[in-house]
Amino acid sequence: MASSQLPPFKVNQTRLLESLHASCQHGSAHSYGNDPTETGMARLSLTDSDKDVREWFIESAKALGCHTHVDQMGNLFAIRAGKNKEAPPIMMGSHLDTQPTGGRYDGILGVIAGLEVLKVLEENSFETEGSIGVVDWTNEEGARFPVMAISAAVWAEAIPLDTAWNLKEISTGDNIPRKTMKEELDRIGYVGETPASFKANPFAAHFELHIEQGPILEDEGRKIGVVQGVQAFKWFDITVSGRDTHAGTTPLYARQDAVLCAAKMITAANSVAKKANGLATTGIIHSEPGTVNTVAQTVNFSLDLRHTFDEDLEKMIADCVVEFQRIATDDSERGCTVEWKELVDSPAVHFDKDCISVVEESAKAVLAEFPDPASGGKQWRDMISGAGHDSCYTNRRCPTSMIFTPTRNGISHNPVEYCSPEDCTLGANVLLGAVLGYDKLRAKRGDFA
Ligand SMILES: [Zn+2]
């Protein structure tokens with residue numbers, strides 16, 4: 001879609017934001033200002049507030065004349081019929097669940113913008129070639145049931161339904177039995193009839209508008225990220241073993257100090273990542289026996305390594321293995337040992353070329369009147385997502401891509417998470433243009449023949 005083919009209508013900013021904040025009445029928490037919208041969110045998946053916002057979503061979709069249905073994982077689908085009702089719909093999706101100390105934009109913006117796109121089509125009586133819909137994916141955050149994007153994963157048949165149904169919530173306190181996803185789906189009445197599978201419920205494509213959750217767009221003064229894919233990551237649990245001895249009587253040269261050894265490894269991982277243009281993070285450190293006056297015998301630390309490309313990630317891991325071994329044997333006085341345990345392996349995700357291209361064309365058209373940013377280049381840029389999303393799973397089963405909007409100070413998973421009304425609206429307009437662009441593309445290539 002060239003700029004001359006911009007859709008003849010735009011999303012309504014006031015209505016978009018009213019709708020977003022109306023949905024956030026269910027589960028708002030952690031007020032940080034005087035305005036009623038200056039709060040964060042605590043809408044954990046399958047809680048009462050999640051049930052309430054689901055009802056709000058379904059009512060809003062029905063008011064637009066959409067057909068709604070629910071699958072076995074409680075994923076919600078709202079479909080606006082096109083000329084060709086039999087063909088699978090283009091879906092706009094994200095999630096309405098949040099972290100316990102979450103914000104009003106992560107996931108929520110993508111679902112609400114999807115509804116707004118349908119409203120714009122409806123008020124303009126615009127008939128699309130194929131059907132267009134919105135999906136709210138259950139438990140994307142993995143905050144209550146600790147597997148992220150699990151319901152999109154079940155739809156993609158990457159995780160079996162029973163495994164997901166039997167997944168227990170994280171502990172809510174001593175002696176309180178932990179509920180499973182199925183129990184909570186039953187309790188709030190959202191075990192739907194539609195099989196949770198791309199086979200029974202196929203999509204023509206999946207577009208996800210999401211806040212960037214990082215500082216890059218804001219730092220560069222840009223408005224839109226055209227997301228190309230999601231970086232690869234692996235998580236490890238590293239165990240360093242030394243010997244516990246007295247802190248006062250053991251000279252430095254005679255130690256097998258696991259904490260000192262682990263500290264050097266963490267620093268080394270940072271250097272490896274810097275050199276490779278990747279990321280290395282240690283978020284958990286645990287030492288034994290853990291007293292002030294004893295050299296630690298054992299340290300466990302987490303290591304999260306990430307890179308845009310699988311090969312570069314493998315090279316980073318290999319470099320860390322060599323460095324950690326060198327530190328343990330040659331740079332730790334009397335020596336320590338190091339063991340690696342892999343916890344998570346998430347390969348790089350590459351989104352669909354056609355989806356990326358309609359997003360880029362739409363961004364160009366929507367941002368045509370904006371002056372170029374002072375940092376140079378355009379108001380939009382290619383980006384790789386640093387975080388996982390529902391789109392990582394839909395991408396396995398249908399053409400998928402994502403659109404990012406700026407995030408104030410790069411902060412998310414935090415009550416003060418914020419994207420300005422203007423930027424939310426630009427993102428929603430890019431989503432609208434992308435969906436209509438893809439709809440045209442389908443007709444042109446004969447999807448409905
Ligand atoms: Zn999200």
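Further up the page is the structure itself.
What counts, and at which threshold
Residues numbered from 1 in each chain as written. Predicted model: local features only at pLDDT ≥ 70, side-chain atom pairs only at ≥ 80, totals over all residues. Helix = DSSP H or I, 4+ residues; strand = E, 2+ residues; numbered from the N terminus. Buried ≥ 20, exposed ≤ 12 C-beta atoms within 10 Å, placed from the backbone. Contact = placed C-beta atoms within 7 Å. Core = buried A, V, L, I, M, F, W, Y, C linked by C-beta atoms within 7 Å. Expected span 1.5 Å × (residues − 1). Pairing = 2+ DSSP bridges. Axes fitted to C-alpha atoms, helices over the stretch in contact; angles between N-to-C directions. Parallel < 35°, antiparallel > 145°, perpendicular 65-115°, else oblique. Left-handed = near helix turned anticlockwise from the far one by under 90°. Nonpolar A, V, L, I, M, F, W, Y, C, P; charged D, E, K, R; others polar.

(A) Region of interest: the overall build of the protein chain. Tallying secondary structure elements over the protein chain gives twelve helices and 16 strands in all. Seen along its three principal axes, the alpha-carbon backbone of the protein chain occupies a region of about 85 × 55 × 50 Å. Buried residues in the protein chain amount to 49% of all 449 residues. A fraction of 77% describes how many contacts in the protein chain between residues 6 or more apart in sequence connect residues 24 or more apart.

(B) Fine view of the nonpolar core. Grouped together as the largest cluster of nonpolar side chains are 93 residues, with contacts concentrated most on Leu109, Val117, Ile403, Leu431 and Val435. If sequence neighbours within four positions are ignored, leucine 109 has contacts with Leu20, Leu209, His210, Ile211, Cys419, Cys424 and Gly427. In this structure, Cys261, Leu313, Met316 and Val338 belong to the second largest nonpolar core, which totals 29 residues.

(C) Structural detail: the environment of cysteine 261. Here cysteine 261 is to be found in helix 8 (residues 258-276). Distance in space between the C-alpha atoms of cysteine 261 and valine 338 is 9.4 Å, their sequence separation being 77 residues. When near neighbours in sequence (up to four residues on either side) are disregarded, cysteine 261 contacts Val240, Gly242, Ile327, Ala328, Ser332 and Cys336.

(D) Expanded view of helix 8. Between its first and last C-alpha, helix 8 extends 27 Å over 19 residues, near the 27 Å set by a 1.5 Å rise per residue. Where helix 8 is concerned, the buried positions are Ala258, Val259, Leu260, Cys261, Ala262, Met265, Ala269 and Val272. Among the structural elements, strand 9 (232-241), strand 10 (279-281), strand 11 (285-288), strand 12 (298-307) and helix 9 (310-330) are those in contact with the buried residues of helix 8. Among the residues trailing helix 8, asparagine 277 stands out with phi positive, at a value near 60°.

(E) View of the pairing of strand 9. Direction of pairing for strand 9 relative to strand 12: antiparallel, over a ladder of ten bridges. Bridging from a neighbouring strand, lysine 234 pairs with leucine 305 of strand 12.

(F) How the structure looks around unusual backbone geometry. Cis geometry marks the peptide bond from glutamate 288 to proline 289; its omega dihedral reads 0°. Along the chain, proline 289 falls in the loop between strand 11 and strand 12. One non-glycine residue, asparagine 409, lies in the positive phi region at around 55°. Within the secondary structure, asparagine 409 is located in the loop between strand 16 (400-405) and helix 12 (421-445). When the 13 C-beta atoms within 10 Å are taken as the criterion, asparagine 409 is described as partly exposed.

(G) Fine view of helix 12. Its 25 residues place the ends of helix 12 36 Å apart at the C-alpha level, agreeing with the 36 Å of an ideal helix rising 1.5 Å per residue. Counting buried residues along helix 12, 19 of its 25 residues qualify, which places the element largely inside the surrounding structure. One or two residues past the end of helix 12 sits glycine 446, with phi positive at roughly 90°.

(H) Geometry of the environment of threonine 101. Note on placement: threonine 101 falls in the loop between strand 5 (90-94) and helix 3 (108-123). In sequence terms threonine 101 and leucine 44 are 57 residues apart; their C-alpha atoms lie 9.7 Å from each other.

(I) Just the packing of helix 10 (residues 353-366) against helix 12, in detail. Helix 12 packs onto helix 10 with a crossing angle of 130° between their chain directions and a minimal axis gap of 8 Å. Put simply, helix 10 runs oblique to helix 12. The handedness of the crossing between helix 10 and helix 12 is right-handed. Every residue of helix 12 that contacts helix 10 at Asp354, Cys355, Val358, Val359, Glu361, Ser362, Ala363, Ala365 and Val366 is listed here: Leu426, Asn429, Val430, Gly433, Ala434, Gly437, Tyr438 and Leu441. Residue composition of the contact of helix 10 with helix 12, by class: eleven nonpolar, four polar and two charged.

(J) Local environment of the pairing of strand 16. Counting buried residues along strand 16, six of its six residues qualify, which places the element largely inside the surrounding structure. Residue alternation in strand 16 divides its side chains into two sets, Thr400, Met402 and Phe404 and Ser401, Ile403 and Thr405, and both sets are buried. Pairing between strand 7 (residues 205-211) and strand 16: six bridges, direction parallel. Following the sheet pairing, histidine 206 is matched in strand 16 by threonine 400. Summarising the sheet, strand 8 (residues 224-230) and strand 16 pair through three bridges and their orientation is antiparallel. Paired with valine 226 across the bridge in strand 16 is isoleucine 403.

(K) Inspection of the environment of arginine 144 at higher detail. For arginine 144, the location among the structural elements is in the loop between strand 6 (132-136) and helix 4 (150-155). Residue classification places arginine 144 among the buried positions, given that 23 C-beta atoms sit within 10 Å. Residues arginine 144 and threonine 98 lie 46 residues apart in sequence; the distance between their C-alpha atoms is 9.3 Å. Apart from the residues lying within four places of it in its own chain, the contact partners of arginine 144 are Leu44, Ser45, Leu46, Asn139, Glu169 and Ile170.

(L) Molecular detail of the packing of helix 1 (residues 13-23) against helix 3. Between helix 1 and helix 3, the shortest axis-to-axis distance is 10 Å and the interhelical angle comes to 135°. The angle between the axes of helix 1 and helix 3 places the two elements in the oblique class. As for the relative orientation of helix 1 and helix 3, their crossing is right-handed in sense. In this structure, helix 1 uses Arg15, Leu16, Ser19, Leu20 and Ser23 to contact helix 3, whose residues at the interface are Ile108, Leu109, Ile112, Ala113, Leu115, Glu116 and Lys119. Class assignment of the residues belonging to the contact of helix 1 with helix 3 gives a composition of seven nonpolar, two polar and three charged.

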